[in-house]
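Structure at a glance
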Amino acid sequence: MALSITEKAAREVRKMIDERGHGVGIRILVEPSECSGLSYRLQFVDETLGDDIIYESHQTKIITDAKSLTLLDGTEIDFVREGETTGFDIRNPNVKQQ
């Protein structure tokens, strides 16, 4: 099982951590959503937990838990810019398009 982050997204995460002044990486979680089943949550991590699963790509740590990883295997985090809008794009090959 694996998670990855594009170079562009990794740069953005490192920039945000630098602006915060602290942090070791970014956590990705899969959580229940009221309307669409499941949703992703990204959050900065200041300290890892003993049961965290940690991947590193482009000098950036991606942290998750075992339960989320089963749904995230093969996922890539990217950073996209569309006009004035920017944000992280979660590309999960396990999601079935409807």
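Look above for the structure.
What counts, and where the lines are drawn
Residues numbered from 1 in each chain as written. Predicted model: local features only at pLDDT ≥ 70, side-chain atom pairs only at ≥ 80, totals over all residues. Heavy atoms only, no water. Helix = DSSP H or I, 4+ residues; strand = E, 2+ residues; numbered from the N terminus. Buried < 20%, exposed > 50% of the residue type's maximum accessible area, 1.4 Å probe, protein only. Polar contact = N/O pair within 3.5 Å; in protein donor to acceptor, adjacent residues only side chain to side chain. Contact = heavy atoms within 4.5 Å. Pairing = 2+ DSSP bridges. Axes fitted to C-alpha atoms, helices over the stretch in contact; angles between N-to-C directions. Salt bridge = Lys/Arg side-chain N within 4 Å of Asp/Glu carboxyl O.

**Section: the side chain of Thr-60**
Counting through the fold element by element, Thr-60 comes out in strand S5 (residues 60-64). Residue Thr-60 is classed as buried on the basis of its relative accessible area of 2%. Among the polar contacts made by the side chain of Thr-60, one reaches the side chain of Arg-14 at a distance of 3.1 Å. Setting aside its immediate chain neighbours within four residues, Thr-60 contacts Ile-5, Ala-10, Val-13, Arg-14 and Tyr-55.

**Quick notes on the sheet that holds strand S3 (residues 37-45)**
Strand pairs in the sheet, formed through backbone hydrogen bonds, run parallel or antiparallel to each other. Read from one edge to the other, the open sheet built from four strands follows the order S3-S2-S5-S4, with strand pairing classed as mixed. Sheet topology places S3 and strand S4 (53-57) at the edges, where each strand pairs with a single neighbour. The mean inter-strand angle of the sheet, taken between neighbouring strand axes irrespective of direction, is 25°. Note: strand S2 (residues 25-33) against S3, nine bridges, orientation antiparallel. What sits directly across from Val-30, in S3, is Tyr-40. In the packing of helix H1 (residues 7-20) onto the sheet, the strands contacted are S2, S3, S4 and S5, and the crossing angle to S3 comes to about 50°.

**Description of the pattern of salt bridges**
Scanning all chains against the criterion turns up eight salt bridges. Put simply, Glu-76 and Arg-91 hold a salt bridge, and the shortest N to O gap is 3.4 Å. Of this pair, Glu-76 sits in strand S6 (residues 75-82) while Arg-91 sits in strand S7 (residues 85-91); the two residues are 15 residues apart in sequence, bridging distant segments of the chain. A relative accessible area of 27% means that Glu-76 is categorised as partly exposed. The class for Arg-91 is partly exposed, based on a relative accessible area of 36%. Across the pair Arg-91 and Asp-78 runs a salt bridge whose closest N-O atoms are separated by 2.6 Å. Of this pair, Arg-91 sits in strand S7 while Asp-78 sits in strand S6, and the two are 13 residues apart along the sequence. The class of Asp-78 is buried, set by a relative accessible area of 7%. Here the salt bridges share partners, and the residues they tie into one network are Glu-76, Asp-78, Asp-89 and Arg-91.

Any functional reading would require information beyond the geometric quantities listed.
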